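# Structural characterization, general
Take a look at the letters that make up each chain.
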Amino acid sequence: EVQLVESGGGLVQAGGSLRLSCAASGFTFDDYGIGWFRQAPGKEREGITCIYKGDETTFDADSVKGRFTISSDKAKRTVYLQMNSLKPEDTAVYYCAADFIGCAKMTATLVSDYWGQGTQVTVSS
C-alpha cells in the first residue's frame, strides 16, 4: 500500500533546528513530486517546498527561503526537510505529500494523490 510517514517533529527554541523525514513506499519514487506543507491552527495549509524525481527543487516558499532546505535519498525513498533558524511562526503540523503530476499543481492547489499523517513542530519564543 502507498505510505508516506513523517517523523522528526518536536519542540525547539527559536533559532534552533530540526530535520523532518518523509519515508515513502508503494509507488515509483522518481515519477512523483514530493512536497512539504504545513498547517497552523486557524490557518490555511501552506506549501513550503517541493522536489521532483528526487533531485529537482521546483518550489520554495518565500517565508522559508534561506532557512529550510528539501533533499532526498533515492535509495532510502526518503525526502527530508532541514529547518534552521526556526521561528515561533513556523509552529505547525508539517505534512509531506506525493503527486504523479509533479510539484506545480500540488503546491498551487494543495491537492495531492497521497498525504502523510503529519508531524508537529512547535517553536517556543
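So, here is what we can say about the structure in this document. (Residues numbered from 1 in each chain as written. Predicted model: local features only at pLDDT ≥ 70, side-chain atom pairs only at ≥ 80, totals over all residues. Heavy atoms only, no water.)

### Focus: unusual backbone geometry
- Backbone geometry at Arg77 places phi at a positive 50°, although glycine is not the residue there.
- Note that Arg77 resides in the loop between strand 7 (68–73) and strand 8 (78–83).
- A positive phi angle, near 50°, is found at Ser85, a position not held by glycine.
- Along the chain, Ser85 turns up in the loop between strand 8 and strand 9 (92–99). (Helix = DSSP H or I, 4+ residues; strand = E, 2+ residues; numbered from the N terminus.)

### As for the environment of Asp113
- With respect to the secondary-structure elements, Asp113 resides in the loop between helix 1 (103–109) and strand 10 (114–115).
- It is 31 Å that separates the C-alpha atoms of Asp113 and Val12, two residues lying 101 residues apart in sequence.
- Among residues more than four places away in sequence, those in contact with Asp113 are Tyr32, Ala98, Asp99 and Phe100.
- A polar atom in the side chain of Asp113 sits 3.0 Å from the backbone nitrogen of Phe100. (Contact = heavy atoms within 4.5 Å. Polar contact = N/O pair within 3.5 Å; in protein donor to acceptor, adjacent residues only side chain to side chain.)

### Regarding the sheet that holds strand 7
- Spatially, 1-3-8-7 is the arrangement adopted by the four strands of the open sheet, whose pairing is antiparallel. The sheet is open, and its two edges are formed by strand 1 (3–7) and strand 7, each paired on a single side. Strand-to-strand twist in this sheet, taken as the mean axis angle between neighbours without regard to direction, amounts to 15°.
- Of the strand pairs in this sheet, strand 1 and strand 3 (residues 18–25) are connected by five bridges, and their pairing is antiparallel. Considered in strand 3, the bridge of Gln3 is made with Ser25. (Pairing = 2+ DSSP bridges. Axes fitted to C-alpha atoms, helices over the stretch in contact; angles between N-to-C directions.)

### As for the pairing of strand 8
- Of all six residues making up strand 8, five are buried, and the element is well covered by its neighbours.
- Two strands pair when backbone bridges link them, and strand 3 and strand 8 are joined in this way by six bridges, in the antiparallel orientation. Paired with Leu18 across the bridge in strand 8 is Met83.
- Relative to strand 8, strand 7 runs antiparallel, the two being bridged by six bridges. Considered in strand 8, the bridge of Asp73 is made with Thr78.
- Linking two consecutive strands that pair antiparallel, namely strand 7 and strand 8, is a turn of four residues; a positive phi of about 50° is found at Arg77 within it. (Buried < 20%, exposed > 50% of the residue type's maximum accessible area, 1.4 Å probe, protein only.)

### Examining the environment of Glu1
- You can see Glu1 is positioned in the segment before strand 1.
- Separated by 17 residues in the primary sequence, Glu1 and Leu18 have C-alpha atoms spaced 28 Å apart.
- Aside from chain neighbours lying at most four places away, what touches Glu1 is Ser25 and Gly26.

### Quick look at the state of the cysteines
- With the rule as written, the count across this model stands at two disulfides.
- Each sulfur of the disulfide joining Cys22 and Cys96 lies 2.1 Å from the other. Across the S-S bond linking Cys22 and Cys96, the dihedral sits near 70°, which makes this disulfide right-handed. Note that Cys22 is positioned in strand 3 and Cys96 in strand 9, a separation of 74 residues in sequence.
- For Cys96, a relative accessible area of 0% corresponds to the buried category.
- Each sulfur of the disulfide joining Cys50 and Cys103 lies 2.0 Å from the other. A torsion of -80° about the S-S bond marks the disulfide between Cys50 and Cys103 as left-handed. Within this pair, whereas Cys50 is found in strand 5 (residues 46–52), its partner Cys103 is found in helix 1, the two being separated by 53 residues in sequence. Residues Cys50 and Cys103 agree in their burial class; the two are buried.
- If you count the bonded cysteines of the chain from the N-terminus, they pair up as 1-3, 2-4. (Disulfide = S-S within 2.5 Å.)

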